[in-house]
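# Examination of the molecular architecture
So the chains spell out like this:
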Amino acid sequence: MEKNELVNYIKQLPKAELHLHIEGTFEPELMFEIAKRNNLSLAYDSVASLKKAYQFNNLQEFLDIYYIGAQVLLHEQDFYDLTWAYLQKIHQQNVVHTEIFFDPQTHTDRGVSFETVINGIYKALKDGQHQLGISFRLIMSFLRHLDESSAFETLKQALPFKDWIDGVGLDSSEIGNPPSKFERVFKQAADHGFKLVAHAGEEGPAEYIWEALDLLHVCRIDHGNRSIDDAKLVERLAQQQIPLTLCPLSNLELKVVQDLKEYPASKMLDKNLLITINSDDPAYFGGYLNENYIALTNNLSLTPDQIKQLAINSFKGSWLNEVEKNKWISEMEQLIPTKN
Ligand code: ADE
Ligand code: ZN
């Protein structure tokens, strides 16, 4: 297939997104608009100067700026607008299902109530379901640079909204904050019936992926790049078909990889790992879901079959029920005959 045919092929595929931080979809234009209506000033005098600051050498440099941006979110309407803007964006990209993270501690630590945050996000997700036909799951993520007691407190705050929250996750500064730090919190979350995921092996070692699996008992690994260093781990992930939510443009921008030509996705597919493609924090890393698929396809010369496999994996690895998963997968098989 020609390059532009491949791009069109990617665009028309129905896709699910499984690794997306809603605070990471905060586009500078909307950030300035919300800051203005909340009478807050940003440390940058224009959208252009803010965008210029989006140059990162590692995860921490990104997180420092990401948490500052989130500080202008104060009211339920702000969280609604943020989420609605993301849903409109992905609707244009044929993303039909999304499983999004939100970081309550980023907001509750500044005095914004848990209720304000979740009401805005959840109302937008429901509107997206009804008006745009996008199904969703919501994942509450604990900030791993904060302590265990803060995570326990957040879990307590979440309980009145248990019916709205499908799972819990673990994000923020990975190195020095291993999954083991949150073993007891994840146990309690599991007892409450939440599904479990964790960022592991983005910057941290393969050892953290083992911990996420064996101590936290997660059903999915966010990133998991470093698994490729450990043959035993690869064997386990393949054998149990544990999904990995890879984020190519994020990994490039945060220097997890130096070049997408070296991205481990083809190798992982060859090893029968259930990998999926995701955008992580698209407002900061230069692209939403289609741009991630396109960048990977261009750099790794992926075939239409491999691209389709990635889209199928996105449903397989999702928390949709089996009937819904099969509906999307068989629709894809019927609508889009494989062309190589
Ligand atoms: N929070 C938002 N994006 C993240 C990432 N890529 N890794 C860890 N924490 C995050
Ligand atoms: Zn992430």
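Below is a short write-up of the structure. (Residues numbered from 1 in each chain as written. Chains lettered and ligands numbered in written order. Predicted model: local features only at pLDDT ≥ 70, side-chain atom pairs only at ≥ 80, totals over all residues. Heavy atoms only, no water.)

## Observations regarding the packing of helix H8 (residues 148–158) against helix H9 (residues 183–191)
The geometry of H8 relative to H9 is characterised by a closest axis approach of 9 Å and an angle of 15 degrees between their N-to-C directions. Judged on the interaxial angle alone, H9 and H8 are roughly parallel. For H8 against H9, the interelement crossing comes out right-handed. Of the residues in H9, those in contact with Glu148, Ala151, Phe152 and Leu155 of H8 are Arg184, Val185, Gln188 and Ala189. (Axes fitted to C-alpha atoms, helices over the stretch in contact; angles between N-to-C directions. Helix = DSSP H or I, 4+ residues; strand = E, 2+ residues; numbered from the N terminus. Parallel < 35°, antiparallel > 145°, perpendicular 65-115°, else oblique. Left-handed = near helix turned anticlockwise from the far one by under 90°. Contact = heavy atoms within 4.5 Å.)

## Section: the sheet that holds strand E3 (residues 135–143)
Read across the open sheet, the 8 strands follow the order E1-E2-E3-E4-E5-E6-E7-E8; overall the sheet is parallel. In the strand order of this sheet, the two ends are held by strand E1 (15–21) and strand E8 (275–277), each with one partner. Adjacent strand axes in the sheet meet at a mean angle of 25 degrees when their direction is disregarded. The pairing of strand E2 (residues 95–102) with E3 spans 6 bridges and is parallel. Following the sheet pairing, isoleucine 100 is matched in E3 by leucine 138. (Pairing = 2+ DSSP bridges.)

## Overview of helix H11 (residues 231–239)
Within the span of H11, buried status applies to Leu233, Val234, Leu237 and Ala238. Along H11, the residues classed as buried sweep out an arc of 130 degrees about the axis, all on the same side. Turned more than 90 degrees away from the buried face of H11 sit Ala231, Lys232, Glu235 and Gln239, all of them exposed. Turning to H11, the residues buried within the fold contact helix H10 (206–214) and strand E7 (244–246). Sitting at the head of H11, aspartate 230 places a side-chain oxygen 3.1 Å from the backbone nitrogen of lysine 232. Note on H11: the residue one or two positions beyond its end, glutamine 241, has a positive phi of about 50 degrees. (Buried < 20%, exposed > 50% of the residue type's maximum accessible area, 1.4 Å probe, protein only. Arc of directions from axis to C-beta. Polar contact = N/O pair within 3.5 Å; in protein donor to acceptor, adjacent residues only side chain to side chain.)

## Focus on the pairing of strand E4 (residues 167–171)
Counting buried positions over the 5 residues of E4 gives 5, a clear majority of the element. Burial along E4 is two-sided: Gly167, Gly169 and Asp171 facing one way and Val168 and Leu170 facing the other are all buried. In terms of strand pairing, E3 meets E4 through 5 bridges, oriented parallel. Note on E4: the bridge partner recorded for leucine 143 is aspartate 171. Considered for its hand, the β-α-β crossover made up of E3, H8 and E4 is right-handed. By the bridge criterion, 2 bridges tie E4 to strand E5 (residues 195–200) in an arrangement that is parallel. Pairing of valine 168 across the sheet is with leucine 196, part of E5. In this fold, the crossover linking E4 to E5 by way of H9 has right-handed handedness. (Right-handed = clockwise from strand over helix to strand, strands pointing away.)

## Focus: the side chain of histidine 19
With respect to the helices and strands, the residue histidine 19 is situated in strand E1. Not counting chain neighbours up to four residues away, the residues in contact with histidine 19 comprise Glu99, Phe101, His199, Asp222, His223, Thr245, Cys247, Asn278, Ser279 and Asp280.

## Some points on the coordination of the zinc ion (ligand 2)
Coordination of the zinc ion (ligand 2) by the protein comes from His19 (NE2), His21 (NE2), His199 (NE2) and Asp280 (OD), over a distance range of 2.0 to 2.3 Å. Coordination geometry of the zinc ion (ligand 2): the 4 donor atoms subtend angles of 82 to 174 degrees at the metal centre, consistent with an arrangement described as irregular. Here the donor residues for the zinc ion (ligand 2) map to a single chain with the spacing H-x1-H-x177-H-x80-D. In this pair, histidine 21 sits in strand E1 while histidine 199 sits in strand E5, placing the two residues 178 residues apart along the sequence. Both residues of the pair, histidine 21 and histidine 199, belong to the buried class. (Donors = N, O, S within 2.8 Å, 3.2 Å for Na, K, Ca; no water. Tetrahedral: all angles 85-135°; square planar, octahedral: opposite > 155°, others 65-115°.)

## Overview of the nonpolar core
Membership of the largest hydrophobic core comes to 115 residues, with the highest contact counts inside it found for Phe102 and Tyr284. In this structure, phenylalanine 102 is in contact with Ile22, Glu23, Phe114, Val117, Ile118, Ile121, Leu138, Ile139, Met140, Ser141 and Ile165, ignoring residues within four places of it in sequence. (Core = buried A, V, L, I, M, F, W, Y, C linked by side-chain atoms within 4.5 Å.)

## Topic: empty space enclosed by the protein
Going through the model one piece at a time under the given rule, you end up with 2 cavities of 30 Å³ or more. Quantified by volume, the largest cavity comes out at close to 110 Å³. Lining of the largest cavity is provided by 16 residues; of these, His21, Leu59, Leu63, His199 and Asp281 occupy positions nearest its centre. For the lining of the largest cavity, the element with the highest residue contribution is helix H4 (residues 59–70), accounting for 5 residues. Broken down by class, the residue content of the lining of the largest cavity amounts to 7 nonpolar, 4 polar and 5 charged. Within this model, the second largest cavity holds a volume of roughly 60 Å³. (1 Å grid on protein atoms, 1.4 Å probe; cavity = no way out; pocket = protein on both sides within 12 Å on 5 of 7 lines; lining within 4 Å. Points joined across faces, edges and corners; volume = space filled by probe spheres on them. Nonpolar A, V, L, I, M, F, W, Y, C, P; charged D, E, K, R; others polar.)

Read these as layout, nothing more, since geometry by itself doesn't imply function.
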